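Results of the structural survey
Residue-level listing of the chains:
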Amino acid sequence: MIKVNEDYLKLPGSYLFSTIARKVAAFADANPDKKIIRLGIGDVTQPLCPTVIKALHSAVDEMASADTFKGYAPDLGYEFLRKTIVEKAFAPLGAEVYADEVFVSDGAKSDSGNIQEIFARDVKIAVCDPVYPVYVDTNVMAGRTGSYDAATGLWSDVCYMPCTAENGYAPEIPGEDGVLCASGEKVVPDVIYLCFPNNPTGATITKPELQKWVDYANKVNAVIIYDAAYEAYISEADVPHSIYECEGARTCAIEIRSFSKNAGFTGTRLGYTIIPKDIKDAEGNTLHSLWARRHGTKFNGAPYIIQKAGEAVFSEEGQRETNEQIAYYMKNAKYILEGLKAAGYTVSGGVNAPYIWLKTPDNMTSWEFFDFLLEKANVVGTPGSGFGPSGEGHFRLTAFGSYENTVEAIDRIKKL
Ligand SMILES: *Cc1c(COP(=O)(O)O)cnc(C)c1O
């Protein structure tokens, strides 16, 4: 007898981006003469840089010789990449991270979705609202989130931390009695998801602010899952690149990183998660050993060829070339930010992140503005409400398009 996992059935509707794709396809069919510009989905458009392509070719050639052929990769990642990550991404920040605490994977989406497996079923999770949908949906699949209220878009057992214009789109540290869950109960969270620079809002927090989160997590014995997928876009000096720049993070923080947004690996697939050995439960069990067991059982290692390409990102030329790509996207971000401001929009983000977060004009809902922009300017963005109820009345544009298309899209919006 087929019996499905009923927790999966609780997930409402379709994934946000499938809904957008369907609406855009319908518009394109009805208006074949219109040039649609897509500034919606967070995917890069620049090709892989020459240094990465060279590393890929050379690793492919190694596979052709019996002397250098590679079979299964070590589940946790090749030593050459784990060491390079520590030396190039963490040591320069003064962050204490060891090579055997780096778990190489096929990307940050799977890591941020799978990491909840190592926690008890009854842990309480806290998320920002709006939020990258993967964090909540994977906890729904794990049966951890209680019941869904279609009217509010909230799960009863999830603690939502509103990120609004009033708090600069950064969540407030919970008080003594915890965070308000959708059930109305105040709960001290066990697992706190943070993502800075943020997707979708593009917001960041300063190092002293992040330190307060680390202190709070240590005080209440919670774990912070810190998604740093956009770390490479940070341009301001007081914004931390890693949570391990904060004192005490080794006993409470897991950090997830990706090669997708900084080096264009969205189709190539490579990421990693840091779990310090110092994070333990009351019985002394380490999260590190549980994740190692999980990884070893369910994952057979990222491909050698791709890990060599990842290593090349950290070379001097790799850094120069990928930084040029980031600068290209950030030039788009600046054009969007300034153009929309000039047109009278209230905008934020776009300084340390490739996302611009705007308030919809004339009290339009996020989806009303989506339709308006698609029909009147033929520009596709992402409705803020798709990321959570506090995203209602907001809209996300990405800087990942070509410069020419970005300029054309913003100039069209200015004329509306
Ligand atoms: C894009 C993105 C990821 C996914 O990265 P992959 O490594 O491509 O899976 C993770 N987290 C956030 C917040 C993202 O925006």
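Here's what I pulled together on the structure shown here. On a predicted model such as this, the values are computed, not experimentally measured, just so you know.

1. Description of the side chain of Arg 396
Looking at the element boundaries, Arg 396 is found in strand E17 (residues 394-398). Despite its burial, Arg 396 pairs with no opposite charge, the nearest such side chain being Asp 43 at 10 Å. Only 2.7 Å separates the side chain of Arg 396 from the backbone oxygen of Gly 40, close enough to count as a polar contact. For Arg 396, the side chain forms a polar contact with the side chain of Asn 199, separated by 2.6 Å.

2. Topic: the pattern of salt bridges
In total, this model carries 17 salt bridges according to the counting rule given. A salt bridge links Arg 412 to Glu 408, with the shortest nitrogen-to-oxygen separation between them at 2.7 Å. Note that Arg 412 and Glu 408 are positioned in helix H13 (residues 403-414) at a spacing of four residues, about one turn of the helix. Shared partners join several salt bridges into a network, and the residues in it are Glu 96, Glu 101, Arg 250 and Asp 278.

3. Some points on the site of the ligand
What surrounds the ligand is a group of 14 residues, the closest being Asp 227, Tyr 230, Ser 258, Ser 260 and Lys 261. The contact in question runs from an oxygen atom of the ligand to an N or O atom on the backbone of Ala 108, over 2.7 Å. The side chain of Lys 261 places a nitrogen or oxygen atom 3.3 Å from an oxygen atom of the ligand. Elements with a contribution of two residues or more to the shell around the ligand: helix H5 (108-114) and helix H8 (260-263). For the shell around the ligand, the class distribution of residues is six nonpolar, four polar and four charged.

4. Considerations on empty space enclosed by the protein
Tallied over the entire structure, the rule returns two cavities of 30 Å³ or more. One number sums up the size of the largest cavity: a volume of about 40 Å³. Around the largest cavity sit Cys 128, Val 131, Tyr 132, Tyr 135, Tyr 193, Leu 194, Cys 195, Asn 198 and Asn 199, which together line it. Looking at the lining of the largest cavity, its residues break down into seven nonpolar, two polar and no charged. Its boundaries defined by the atoms lining it, the second largest cavity holds a volume of some 30 Å³. Along the walls of the second largest cavity sit Cys 128, Pro 130, Cys 163, Tyr 169, Pro 171, Phe 196, Asn 198 and Thr 201, which together make up its complete lining.

5. Some remarks on the sheet that holds strand E9 (residues 191-195)
With mixed pairing, seven strands are arranged side by side in an open sheet as E2-E12-E11-E10-E9-E3-E6. What marks the edges here is a single partner per strand, and that holds for strand E2 (102-105) and strand E6 (159-162). Taken over all neighbouring pairs, the strand axes of this sheet differ in orientation by 20° on average, direction set aside. Pairing between E2 and strand E12 (residues 271-274): four bridges, direction antiparallel.

6. Regarding a nonpolar patch on the surface
Taken together, the side chains of Ile 2, Val 4 and Leu 9 define a hydrophobic patch exposed on the protein surface, amounting to about 370 Å² of accessible area. Turning to its location among the elements, Ile 2 is positioned in the segment before helix H1 (6-9).

7. Let's talk about the sheet that holds strand E16 (residues 382-383)
Strand order in the open sheet formed by four strands is E13-E14-E17-E16, and the pairing between neighbours is antiparallel. The open sheet is flanked by strand E13 (347-349) and E16, the only strands paired with a single partner. Bridging between E13 and strand E14 (residues 355-359) involves three bridges; their strand directions are antiparallel. Note that in E14 the partner of Val 347 across the bridge is Leu 358.

8. A word on helix H2 (residues 16-30)
In this model, H2 (15 residues) spans 22 Å end to end at C-alpha, consistent with the 21 Å of a helix rising 1.5 Å per residue. Taken together, the buried positions of H2 are occupied by Leu 16, Phe 17, Thr 19, Ile 20, Val 24 and Phe 27. Down the axis, H2 shows its buried residues gathered within 155° of arc, on one side only. Residues of H2 that are exposed and point more than 90 degrees away from the buried face comprise Arg 22, Asp 29 and Ala 30. On its buried face, H2 is in contact with strand E1 (37-38), helix H12 (366-377), strand E15 (379-380), E16 and E17.

9. Considerations on unusual backbone geometry
The general pattern is negative phi for most residues beyond glycine and trans for most peptide bonds. Going from Phe 196 to Pro 197, the amide bond is cis rather than trans, its omega being -10°. The amide bond that connects Asn 199 to the next residue, Pro 200, takes the cis arrangement and shows omega of 20°. With respect to the helices, strands and loops of the structure, Pro 200 is situated in the loop between E9 and helix H7 (207-220). Even without being glycine, Asn 221 reaches a positive phi, approximately 60°.

10. Here's the deal with the layout of surface pockets
If you add up the space inside the largest pocket, you get close to 750 Å³. If you go around the largest pocket, you meet 30 residues; those closest to its centre are Pro 12, Pro 133, Asp 137, Tyr 148 and Gly 386. The set of elements that each furnish at least two residues to the lining of the largest pocket consists of H2, strand E3 (125-129) and helix H6 (133-141). Residue contributions to the lining of the largest pocket peak at six residues, all from H6.

11. Considerations on the pairing of E12
Side-chain alternation along E12 places Gly 271 and Thr 273 on one buried face and Tyr 272 and Ile 274 on a second face that is also buried. Across four bridges, strand E11 (residues 253-258) lies against E12 in antiparallel orientation. Directly across from Ile 256, in E12, lies its bridge partner Thr 273.

Thresholds applied
- Residues numbered from 1 in each chain as written.
- Predicted model: local features only at pLDDT ≥ 70, side-chain atom pairs only at ≥ 80, totals over all residues.
- Heavy atoms only, no water.
- Helix = DSSP H or I, 4+ residues; strand = E, 2+ residues; numbered from the N terminus.
- Buried < 20%, exposed > 50% of the residue type's maximum accessible area, 1.4 Å probe, protein only.
- Lys, Arg positive; Asp, Glu negative; His and termini not counted.
- Salt bridge = Lys/Arg side-chain N within 4 Å of Asp/Glu carboxyl O.
- Polar contact = N/O pair within 3.5 Å; in protein donor to acceptor, adjacent residues only side chain to side chain.
- Near = heavy atom within 4 Å.
- Nonpolar A, V, L, I, M, F, W, Y, C, P; charged D, E, K, R; others polar.
- 1 Å grid on protein atoms, 1.4 Å probe; cavity = no way out; pocket = protein on both sides within 12 Å on 5 of 7 lines; lining within 4 Å.
- Points joined across faces, edges and corners; volume = space filled by probe spheres on them.
- Pairing = 2+ DSSP bridges.
- Axes fitted to C-alpha atoms, helices over the stretch in contact; angles between N-to-C directions.
- Patch = residues over 30% accessible without salt bridge, like charges linked within 9 Å, V, L, I, M, F, W, Y side chains within 5 Å.
- Areas by Shrake-Rupley, 256 points an atom, 1.4 Å probe, with all protein chains shown as cover.
- Expected span 1.5 Å × (residues − 1).
- Arc of directions from axis to C-beta.
- Contact = heavy atoms within 4.5 Å.

Nothing here speaks to function; it is geometry throughout.
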